[in-house]
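Residue-level structural notes
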Amino acid sequence: MRKLALKPGEIHQITDQIYRITLSQPFYAPNQVYLIRDEKNMLIDSGYVESIGPLALSLRQLGLAMRDIDTILYTHPHIDHITGGLLWSQYSRRTERWGHHEMAAAIPDYPEFIDVWQADTARILTLAFKDKQARTARIRRANDRWARFVRRFAEHDNKIGDRGVHLDRLLKNGDEFSTGKLKFRIMETPGHNTWHITPVETTIGFAFTGDLLIGNIPAIYDSLDGNLELFQKSLMDLLELRKAHSHTRFLPAHGEEIENPERAIKIVLKTIGILENGLLKKLVEGRKDLVNLMESAFGAHIEGGNHFITALELLEALLRKLMREGRVGSEVYKDGYEEFYLKH
């Protein structure tokens, strides 16, 4: 997990009042925070905890201090979207934090929430690897990585982040609000995350899709806070939004603006179908574990990359969906290792 350089994020002006700020992360791809500069200034997401310095420098380049931000709206509570906001009160107590109406009650202690994720990483590696030595080595490396994150969150610049997710406004599907000239409506869009929301700007026409639509399939953690069926339904809801308001532009949390949202959504849905069919065909050969199925779906090279765990989690989400549909079964052994098989 590399340390981030303290330099401003890349700023891209989308309209007179909407700016995209691209922030580096010590893991995965950079993510986007969106600044709404209006009668009230709003950030959509706040980035990773270590990105708070680059984000503050970016705001300064635009003539704003952290205390000038009236609202931070979280699309969902994953670490690269919310942990900058958990530290925000140490710099500006006037900034309100808004998010899904059930999110704060569900996450009273964010470090404990991270502990659950750490435990799930160990769970899926145990599930996936029959070789206990390989499994133990993977879990040790993953635990070291999580420990570095928690330490940085607690000690960042000697400031302590909020342990709980405190929200000043609880947002529900259909809620509307204004920042001044711009007006917004909230869509609840679960699937990637239980508490995922998509704020839709209705005056000009923008949907801030968070991690729901990012140009490919995002990670879906079925055992934690994700659900593939809900993810597919939320994508269909976005498709309906685009059909009803064809001028709406889609701005994701990772990557560039989605140039052709209808096509992007259909490709993601089609890819899910292709992956499901691939899993079923592979299981025709006989029992397989998650590593076997991952190598078949993505290639063995992915084991050495940053997306290894997310690839395992995505395939598990696909398999659990097939199990709920009665097409796939599994056997879990005493040590937690699991094999999957085709039901006839």
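Residues numbered from 1 in each chain as written. Predicted model: local features only at pLDDT ≥ 70, side-chain atom pairs only at ≥ 80, totals over all residues. Heavy atoms only, no water.

Notes on the pattern of salt bridges
Here is the rule we go by: Salt-bridge detection follows one rule: a side-chain nitrogen of Lys or Arg within 4 Å of a carboxyl oxygen of Asp or Glu. Every helix listed is a DSSP run of H or I at least four residues long, and every strand listed is a run of E at least two residues long, numbered separately from the N terminus. Here's how the labels work: a residue is buried when its accessible area is under 20% of the maximum for its type, exposed when over 50%, partly exposed in between, all with a 1.4 Å probe on protein chains only.
Tallied over the entire structure, the rule returns 23 salt bridges. Ionic pairing is found between R123 and E316, a salt bridge with its closest N-O pair at 2.8 Å. Remark: E316 occurs in helix α9 (residues 308-324) and R123 occurs in helix α4 (residues 110-128); sequence separation between them is 193 residues. Judged by relative accessible area, E316 falls into the buried class, the value being 2%. Here K243 and E240 are joined by a salt bridge, their closest N and O atoms 3.8 Å apart. On the criterion of helical spacing, the pair formed by K243 and E240 is a turn pair, its members being three residues apart in helix α6 (residues 228-244). Salt bridges linked by common partners bring D120, R123, E313, E316, R320 and E338 together as one network.

Comments concerning the packing of helix α7 (residues 261-284) against α9
In a pair of packed helices, the angle between the axes and the distance between the axes together describe the arrangement. Put simply, the test is: Every angle, taken between N-to-C directions, lies between 0 and 180 degrees, and every axis is a line fitted to C-alpha atoms, over only the stretch in contact when it is a helix. Roughly parallel refers to an angle under 35 degrees, roughly antiparallel to one over 145, roughly perpendicular to one between 65 and 115, and oblique to any angle outside these ranges. Contacts are residue-level and defined by heavy atoms, with any inter-residue pair within 4.5 Å sufficient.
Contact geometry of α7 with α9 gives a least axis separation of 10 Å together with a crossing angle of 75°. Regarding the angle of α7 to α9, the classification is roughly perpendicular. Where α7 approaches α9, its residues I272, L275, E276, L279, L280 and L283 are matched on the opposing element by L314, L315, L318, L319, K321 and L322.

Considerations on the packing of aromatic side chains
Rule in force here: The aromatic pairing rule takes the rings of Phe, Tyr and Trp, using the six-membered ring of Trp, and pairs them if the centres are within 6.5 Å, calling planes under 30 degrees apart stacked, those over 60 edge-to-face and the rest tilted.
Counting across every chain of the model gives 10 aromatic pairs. For the ring pair Y34 and F208, a centre distance of 5.3 Å and an interplane angle of 65° mean the geometry is edge-to-face. Of the two residues, Y34 sits in strand β3 (residues 31-36) while F208 sits in strand β11 (residues 206-210), which places them 174 residues apart along the sequence. The class of F208 is buried, set by a relative accessible area of 1%. Ring geometry for Y333 versus Y337: centroids 5.8 Å apart, planes at 25°, classification stacked.

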